[in-house]
Amino acid sequence: MTRDPNAPRAVHADRSVGFIGTGIMGRSMAGHLLTAGYDVHVFNRTRTKAEPLLAAGATWHDTPGGVAGASDVVITMVGLPADVEEVYFGCTAAVPEAAGLLARSRPGTLLIDMTTSSPAVARRIATAAAARGLAAVDAPVTGGDVGARAATLAIMVGGDAEACERARPILARLGKSVTRLGEAGAGQRCKLANQIAVAVGMVAWCEALAHARAGGLDPIAVQQVIGAGAAGSWGLTNLAPRALAGDMAPGFLVRHLLKDIGLARACAAESGLVLPGLQTAERLYALAATHGWADEGTQVLYQLYDHRLAAEAGA
Ligand code: NAP
């Protein structure tokens, strides 16, 4: 992640890209934009997590509004919907309204929220942005920390078609696919569908490997065999080996998956939909959190089975 000073400058109207939220995902994503030749302006709640980007040529600002004032396009990749609201609307003591993105963006700025957040928040941002002469899209991602590092994310976009097309060349630097699903909030609704499949799928492979191990089989061998067949999945390929090696370092935090499950459950309820598989996954992940694993990677779910704790979830 270094910018070659001799590399040709990126050819696009939007030269300055702000990036807010330089955690597990954001630091790799912002790094790809630096490598592509964009002028990258960053802010993160904890400055130390932005240091590698600053060393590679990014410019630090002390508030989201500071980033906005220097950027043609601003990308956000923070944690929770409340963090998104703070950054955009400036509704807290840490970020007052005047220091938020919406208040400080120059007319014509494009705002892209890539956080996994609520469709309702995405719609509120789009409405507030339009009222100020700004453009806004929601563009959450799937592909994990691996996909962020390799720029192979699948990106799900919601918003006005013209704004989505303007975002496309920048998003294409971060992922292998950029798909518009509909108006504001549609990207987030698609992402929540993805998270239902992720959460329930994780339960499936954890149970499969626990079952194999309880039967005296080597779970690593089983993972390799079934991962190549009809049971194969991204999680079984990428996360199960970490779980079996006892590596619980977060690629994706348990507390973020619990956030996503809650968002999916709320949207399902609004649609009159009951999701019993998701309810089971939620009970298991909540149990993992009560065991002190909220800040571990989601593959920690396997430990509930390995330590014969899963029955506590009543699942
Ligand atoms: P993360 O490591 O916690 O990164 C989020 C970053 O945003 C943190 O560095 C955090 O600051 C910063 N932040 C949070 N609130 C902020 C605020 N109000 N102002 C400024 N900075 C703020 O999480 P992540 O894994 O990168 O995930 C980011 C988002 O992408 C989440 O919504 C997650 O659900 C989603 N996602 C994650 C993955 C994955 O595999 N990791 C995949 C797809 C989508 P601090 O450093 O102070 O905590």
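All values derive from a computational prediction rather than experimental measurement.

A. Representation of the site of the ligand within the structure. The ligand sits among 27 residues. The nearest are Thr46, Gly79, Glu86, Gly251 and Lys259. At 2.6 Å from a nitrogen atom of the ligand is found a side-chain nitrogen or oxygen belonging to Glu86. Isolated, the ligand exposes 890 Å² of accessible area, and the fraction of that covered by the protein chains is 95%. Of all the elements in the fold, those that place two or more residues in the shell around the ligand are helix 1 (24-35), helix 4 (81-89), helix 7 (144-150) and helix 13 (254-270). Counting residues domain by domain, the shell around the ligand receives three or more from each of domain 1 (16-184) and domain 2 (190-313).

B. How the structure looks around the packing of aromatic side chains. Under the defined criterion, the tally for this structure stands at 1 aromatic pair. Centroid distance Phe43 to Trp60: 5.7 Å. Interplanar angle 45°. Geometry classified as tilted. Taken together, the positions of Phe43 in strand 2 (residues 39-43) and Trp60 in strand 3 (residues 59-60) put the pair 17 residues apart, joining distant regions of the chain. Both residues of the pair, Phe43 and Trp60, belong to the buried class. For the cation-ring pair, Arg124 lies above Phe89, with the distance from its terminal atom to the ring centre recorded as 4.2 Å.

C. Looking closely at the side chain of Asp145. Inspection of the secondary structure puts Asp145 in helix 7. Not counting residues up to four positions away in its chain, the partners in contact with Asp145 are Ile24, Met25, Arg242 and Gly251.

D. View of the pairing of strand 6 (residues 135-138). The alternating pattern of strand 6 places Ala135 and Val137 on one face and Ala136 and Asp138 on the opposite face, and all of these are buried. Handedness of the crossover joining strand 5 (residues 110-113) and strand 6 through helix 6 (residues 119-131): right-handed.

E. View of the domain arrangement of the protein chain. For the protein chain, the domain assignment lists domain 1 (16-184) and domain 2 (190-313). Between domain 1 and domain 2, the C-alpha centre-to-centre distance is 28 Å. Residue-level contacts link 17 residues of domain 1 with 14 residues of domain 2. With both sides pooled, the region where domain 1 packs onto domain 2 buries about 1300 Å², and carbon together with sulfur makes up 69% of that total. Put simply, domain 1 and domain 2 have 1 salt bridge between them. We note a salt bridge from Asp145 to Arg242, for which the minimum N-O separation is 3.4 Å. Within the residue set of the side of domain 1 that touches domain 2, elements represented by two or more residues are strand 7 (141-142) and helix 7. Here the side of domain 1 that touches domain 2 takes 3 residues from helix 7, the largest share from any one element. Among the residues forming the side of domain 1 that touches domain 2, the class breakdown is 9 nonpolar, 7 polar and 1 charged.

Rules and cut-offs
Residues numbered from 1 in each chain as written. Predicted model: local features only at pLDDT ≥ 70, side-chain atom pairs only at ≥ 80, totals over all residues. Heavy atoms only, no water. Near = heavy atom within 4 Å. Polar contact = N/O pair within 3.5 Å; in protein donor to acceptor, adjacent residues only side chain to side chain. Areas by Shrake-Rupley, 256 points an atom, 1.4 Å probe, with all protein chains shown as cover. Helix = DSSP H or I, 4+ residues; strand = E, 2+ residues; numbered from the N terminus. Domains from an automatic or database assignment. Phe/Tyr/Trp six-rings, centres within 6.5 Å; stacked < 30°, edge-to-face > 60°. Buried < 20%, exposed > 50% of the residue type's maximum accessible area, 1.4 Å probe, protein only. Lys NZ or Arg CZ within 6 Å of the ring centre and 35° of its normal. Contact = heavy atoms within 4.5 Å. Right-handed = clockwise from strand over helix to strand, strands pointing away. Buried area = accessible area lost by both parts, 1.4 Å probe. Salt bridge = Lys/Arg side-chain N within 4 Å of Asp/Glu carboxyl O. Nonpolar A, V, L, I, M, F, W, Y, C, P; charged D, E, K, R; others polar.

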